[in-house]
Amino acid sequence: MPLYYDDDQAMLAETAQQFMAEEGAIAKQLRHWRDRDCKDGFGHGLWKQFAEMGFTGMLVDEDDGGLGMGHVEAGIVLENIGRNLTPSPFLSSSVLAVTALKHGSDDVRGRWLPGLIEGEKVYSVAIDEGAKHRPETIACKAEKSGNGFRLSGKKDFVVYGASSEMIVVAARTSGDDSDSDGITLFAVPQDADGMSHDSVRLVDSSMASHVAFDGVELDGDAVIGEVDGGREVLNAMLMAGRVGASAEGVGVAQGAMDMTVDYLKQRKQFGKLIGEFQALQHRAAHLYSEVEIARAVTIKAAQLLDGGSEKADLMASVAKAKVAKAAGLAVKEGVQMHGGIGMTDEYDIGLYMKRDRALQEFLGDQYYHAGRVAEMSGY
Amino acid sequence: MSDLESFRAETRVWLEANCPPEMRKPVRDEADVYWGGRNATFKNDAQKAWFEVCRDKGYTVPEWPKEYGGAGLSPAEGKVLRQEMARIGARPPLSSFGIWMLGPALLHFGTEGQKKRFLNEIAAGEIRWCQGYSEPGSGSDLVSMQTFGEDKGDHWVVNGQKIWTSYADEADWIFCLVRTDKQNKYQGITFMLFDMAGDGVSTKPIKLISGNSPFCETFFDDVEVPKSYGEDCPGYVGEINRGWDVAKYLLGHEREMISGAGGGDRTAAIGAALKRNAGEIDPVLRAELAQFDVDALAYSAMGEKFLDELKVGKAHPAQPNMMKYAGTELNKRRHELMMAAGGSRALEWESEETGGGKGARNWLRTKANSIEGGTSEVMLNVISKRILDLPGA
Ligand SMILES: Cc1cc2nc3c(=O)[nH]c(=O)nc-3n(C[C@H](O)[C@H](O)[C@H](O)COP(=O)(O)OP(=O)(O)OC[C@H]3O[C@@H](n4cnc5c(N)ncnc54)[C@H](O)[C@@H]3O)c2cc1C
Ligand SMILES: Cc1cc2nc3c(=O)[nH]c(=O)nc-3n(C[C@H](O)[C@H](O)[C@H](O)COP(=O)(O)OP(=O)(O)OC[C@H]3O[C@@H](n4cnc5c(N)ncnc54)[C@H](O)[C@@H]3O)c2cc1C
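Residues numbered from 1 in each chain as written. Chains lettered and ligands numbered in written order. Predicted model: local features only at pLDDT ≥ 70, side-chain atom pairs only at ≥ 80, totals over all residues. Heavy atoms only, no water.

A. Highlighting the overall build of chain B. Counting its secondary structure elements, chain B contains 11 helices and eight strands. A compact globule built from 393 residues should have a C-alpha radius of gyration of about 21 Å, and chain B, at 22 Å, falls within 12% of that. In terms of overall dimensions, chain B has C-alpha extents of about 70 × 50 × 45 Å along its principal axes. Per-residue burial over chain B gives 53% buried out of 393 residues. Partitioning the contacts of chain B with sequence separation of at least 6, the portion at a separation of at least 24 is 69%. As displayed, chain B has an accessible area near 17600 Å², and 50% of this comes from carbon and sulfur atoms. Distance between charge centroids for chain B: 4 Å, based on 48 positive and 57 negative side chains. (Helix = DSSP H or I, 4+ residues; strand = E, 2+ residues; numbered from the N terminus. Rg over C-alpha atoms; globule rule 2.2 N^0.38 Å. Buried < 20%, exposed > 50% of the residue type's maximum accessible area, 1.4 Å probe, protein only. Contact = heavy atoms within 4.5 Å. Areas by Shrake-Rupley, 256 points an atom, 1.4 Å probe, with all protein chains shown as cover. Lys, Arg positive; Asp, Glu negative; His and termini not counted. Charge placed at Lys NZ, Arg CZ, Asp CG, Glu CD.)

Below, the structure written as structure tokens:
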């Protein structure tokens, strides 16, 4: 498959770009909700609009009422989310949770998918159990109890957890903390007794929870996929999420770079536009190269994932690491080249820096993923 | 099976039958590369056989039209052939500036007569070309070049000096920028083609830090360049005084080639191979290797995207500059890491074990990547101006 958008994808890109620039714009969404200290950190109205646009269920199979699209398409939506810093549960709900739910039984899918597709419900995923992403180790326990399970333990960095109707939780049903087998995924409803959220606002003004499970009783039908066989589903979910987060990161990088290049063309110092200084031109040109390369590998990873290729896992990590480097550079250069004004809250460039920081941590930072690349390459 | 799939299947069978095992090993030194030309010799029978079978099939220049010595493959078929050759590690049957640089310029600007003659000679490896652009005073600022051709009616008399002419001492013909109008900077240059065996052309090798000397100073002393080599076959490409357009077009191809956009060694990940050779790797080096592999694998995706977009006209015309910049900087880093992983063994300049300091010489050679064909700084200038549209100078 060629590494550019086909006609349908190009059309989707145009639609998503326009929609997000209008409805998802920084002033209308991020600043709006942040300045009101919104407890959700995003607008449910926009989520409804996402549903009307057909975004919420784009990865859901057609048989289940979705559009049956792929990760290239989801990436298009995410890139535009990134560009506009649109606060949205799209990545956690429509990419991560959906990927898990696809492995669920008819009952599981019938229970959770329609509400998501309609934009009524928001879901999140609970994977990490510490400040860093280490999905190889899962200590959160689900013990057999009657017909179902009893869940205990804690999860961190559950993005939009407190606003979610359901949380996909990766828990251990057998074995030791770092075994690859013995993992099971559960769809835990919001009203489950014994589940509590300690919600915190993050640097990018999104909301995330530390979630505690204190003997939460779950029915057998909360299980997604096979008992003890959840690692595979978890991996599929992580891959999809990493590719998605990369696409969003490309958008963040592009948005920050666009702002910066614009600024270089407007700001005068020493009687010249600062964009005339070669010292800045070269850094901007280098940044451009990095962002383009990051975009290429992200599309490549999404295509491999859609094609079911064995190389998707490696390329997802390459993408996540490369995007982190490129977007990190974009926001740092962005703030620096804006000079003093880049440090002010009034200017958007700093918001890109904050979002990038959060996105870097989500599902593994560049060091984690470069480490995975080394491991998968055999060194 | 789609046409492309059956082409792939045929190609596999053909390669299996025709590519000798010796030609499926990485290129280790200069003698492993076949450049063609009047004085060419083959290193061994396998190299000869591989070249001849490819030439006969049009596979020295697979995507050129059949009447000019190519195989007339579509871009998609060309990609399949490259992939299949890469899969078995097949060496290129013929390397040449004629294929990479002059050919594309002739396909674009040449007359029918020029194409028939020169492209077929290139495809068959009969004539080896070199590139006469740079002058001692004109490197990055190429358009300031001074080599002058005086108009004598049916020919020019050329005087001047070029520098850095790669393989000039082994080349048969030169494609050369010559000033034909002193008043007009950009529109006073003609893109001439002439035989290096003619009177007045001489070369002197330049030794590089790698110890090799494939480069020359090239001197022109009253060289007669005909305006025509026969019917419909001018001695220059494009129009007289408009050679700068041809030169720029050709530089795009050169940059694309140097960038390694087509994949291959320059963009491959290296961590695994180094681990095999070096055994123990220090943790900080391992981390650097991992970071390098991330960049290399991402760049190879970029290379693929770039070529895909190029074929359908979606690539920005200045994109080869970005590919050249990023690709050459990457290749330099790659060789730095290989030297670091190699330790003291990699320092051996002359030993059997290292093939005569192969790695060290390659490492030094890569330093030219960000200079030849336009320096990295010049690439960044072009990106700033033509892609980012930044103001000034
Ligand atoms: C937190 C903070 C506290 C401050 N406190 C004070 C204070 O107490 N008193 C006070 O007077 N000021 C203060 N300043 C202002 C500070 O000195 C200026 O922000 C600084 O001098 C940069 O100027 P600028 O913001 O106008 O950026 P600009 O000059 O507009 O620069 C924008 C970008 O262009 C680059 N640039 C500009 N000229 C060139 C050039 N010739 N070549 C290459 N690049 C160039 C800059 O490096 C920068 O990246 C403060 C600033 C900040 C952020
Ligand atoms: C291995 C090798 C093979 C070559 N093969 C050929 C060949 O076959 N045919 C041929 O014609 N030429 C060839 N060249 C020449 C090559 O194209 C030039 O070396 C190159 O264009 C740089 O020119 P220069 O060496 O004169 O450096 P200069 O132009 O003098 O540059 C010196 C330094 O100044 C920087 N610089 C110059 N201008 C600017 C600017 N505007 N802004 C910022 N920085 C600037 C450069 O980036 C560089 O770092 C080859 C060179 C090498 C090293």
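Having seen it, we continue.
B. Region of the structure containing the packing of helix α1 (residues 7-23) of chain A against helix α4 (residues 71-84) of chain A. All names here are of chain A. Contact geometry of α1 with α4 gives a least axis separation of 9 Å together with a crossing angle of 25°. It follows from the interaxial angle that α1 and α4 lie roughly parallel. For the element pair α1 and α4, the recorded crossing hand is right-handed. Judged by residue contacts, Gln 9, Leu 12, Ala 13, Ala 16, Gln 17, Met 20 and Ala 21 of α1 engage Val 72, Glu 73, Ile 76, Val 77, Asn 80, Ile 81, Arg 83 and Asn 84 from α4. Of the residues belonging to the contact of α1 with α4, the class tally is nine nonpolar, four polar and two charged. (Axes fitted to C-alpha atoms, helices over the stretch in contact; angles between N-to-C directions. Parallel < 35°, antiparallel > 145°, perpendicular 65-115°, else oblique. Left-handed = near helix turned anticlockwise from the far one by under 90°. Nonpolar A, V, L, I, M, F, W, Y, C, P; charged D, E, K, R; others polar.)

C. Inspection of the domain arrangement of chain B at higher detail. All names here are of chain B. Here chain B is described as being made up of domain 1 (3-95), domain 2 (129-242) and domain 3 (260-386). For domain 1 versus domain 2, the distance between C-alpha centres works out to 31 Å. Every contact between the two is made by four residues of domain 1 and, on the other side, five residues of domain 2. Across the domain 1/domain 2 interface, buried area totals approximately 370 Å², and carbon plus sulfur atoms make up 36% of it. On the domain 1 side of the contact with domain 2, Glu 30, Trp 35 and Arg 38 bury the most area, a combined 86% of that side's loss. Run the count over domain 1 and domain 2 and you get one salt bridge. A salt bridge links Arg 38 to Asp 195; the nearest nitrogen and oxygen atoms lie 2.6 Å apart. At the junction of domain 1 and domain 2, the tally comes to two residue pairs in polar contact (both at pLDDT 80 or more). For the side of domain 1 that touches domain 2, the residue count by class is one nonpolar, one polar and two charged. (Domains from an automatic or database assignment. Buried area = accessible area lost by both parts, 1.4 Å probe. Salt bridge = Lys/Arg side-chain N within 4 Å of Asp/Glu carboxyl O. Polar contact = N/O pair within 3.5 Å; in protein donor to acceptor, adjacent residues only side chain to side chain.)

D. Representation of the site of ligand 1 in the model. All names here are of chain A. Arg 267, Gln 269, Phe 270, Ile 274, Phe 277, Leu 280, Gln 336, Met 337, Gly 339, Gly 340 and Met 343 make up every residue found near ligand 1. Between ligand 1 and Arg 267 there is a distance of 2.5 Å, counted from an oxygen atom to a side-chain nitrogen or oxygen. Look at ligand 1: alone it shows 960 Å² of surface, and the protein chains cover 42% of it. Here the shell around ligand 1 is composed, by residue class, of six nonpolar, four polar and one charged. (Near = heavy atom within 4 Å.)

E. Representation of the packing of helix α5 (residues 90-101) of chain A against helix α7 (residues 230-264) of chain A. All names here are of chain A. One can describe the packing of α5 onto α7 by two numbers: an axis separation of 8 Å at closest approach and a directional angle of 155°. When the axes of α5 and α7 are compared, the pair comes out roughly antiparallel. Between α5 and α7 lies a crossing of right-handed hand. Contacts from Leu 91, Val 95, Leu 96, Thr 99 and Ala 100 in α5 reach Val 233, Ala 236, Met 237, Ala 240, Gly 241, Gly 244, Ala 245 and Glu 248 in α7.

F. Spatial organisation of the pattern of salt bridges. Under the counting rule described, the total for this entry stands at 54 salt bridges over all chains. Residue B:Glu150 is joined to B:Lys152 by a salt bridge in which the shortest nitrogen-to-oxygen separation is 3.8 Å. The exposure class assigned to B:Glu150 is partly exposed, which follows from its relative accessible area of 41%. For B:Lys152, a relative accessible area of 41% puts it in the partly exposed group. Where B:Lys332 meets B:Glu329, a salt bridge forms, and the shortest distance between an N and an O atom there is 3.3 Å. Here B:Lys332 pairs with B:Glu329, and both are found in helix α9 (residues 319-342), just three residues apart, close to one helical turn. In this structure B:Glu329 comes out as partly exposed when scored by relative accessible area, which is 27%. A network of salt bridges, in which partner residues are shared, links A:Arg31, A:Arg34, A:Asp35, A:Asp345 and A:Asp348.

G. Representation of the UniProt feature "domain: Acyl-CoA dehydrogenase/oxidase N-terminal" (unreviewed entry) in chain B. In the numbering used here, UniProt assigns the "domain: Acyl-CoA dehydrogenase/oxidase N-terminal" (unreviewed entry) feature to residues 32-126 of chain B. The annotated region residues 32-126 of chain B carries 54% helix and 0% strand content, and the separation between its end C-alpha atoms amounts to 18 Å. (UniProt positions renumbered as here; feature names shortened; annotations may be inferred.)

H. Region of interest: the site of ligand 2. The full set close to ligand 2 counts 20 residues, and B:Ser134, B:Ser140, B:Trp164, B:Thr375 and B:Glu377 are the nearest of them. One chain alone does not account for the residues near ligand 2; they come from chains A and B. B:Tyr133 has a polar backbone atom sitting 2.8 Å from an oxygen atom of ligand 2. Side-chain polar atom of B:Asn381 to a nitrogen atom of ligand 2: 3.3 Å apart, as the coordinates give it. The protein chains hide 69% of the 980 Å² of surface that ligand 2 would expose on its own. Secondary-structure elements contributing two or more residues to the shell around ligand 2 are β1 (129-132), β3 (155-166) and α11 (376-387) of chain B. At four residues, β3(B) tops the list of elements feeding residues into the shell around ligand 2.

I. Spatial organisation of the interface of chain B and chain A. Counting residues at the interface gives 38 residues for chain B, matched by 41 residues for chain A. In this assembly, chain B packs against chain A so that about 3400 Å² is buried in total across both faces, 66% of it on carbon and sulfur atoms. Put simply, chain B and chain A have three salt bridges between them. Of the charged contacts in the structure, one is a salt bridge between B:Glu304 and A:Lys300, with a shortest N-O distance of 2.9 Å. Our enumeration of links across chain B and chain A arrives at 17 residue pairs in polar contact (both at pLDDT 80 or more). Looking at the side of chain B that touches chain A, the elements with two or more residues in it are α7 (271-278), α8 (283-311), α9 and α11 of chain B. Per-element tally for the side of chain B that touches chain A: the top contributor is α8(B), with 16 residues. Tallied by class, residues from the side of chain B that touches chain A come to 19 nonpolar, six polar and 13 charged.

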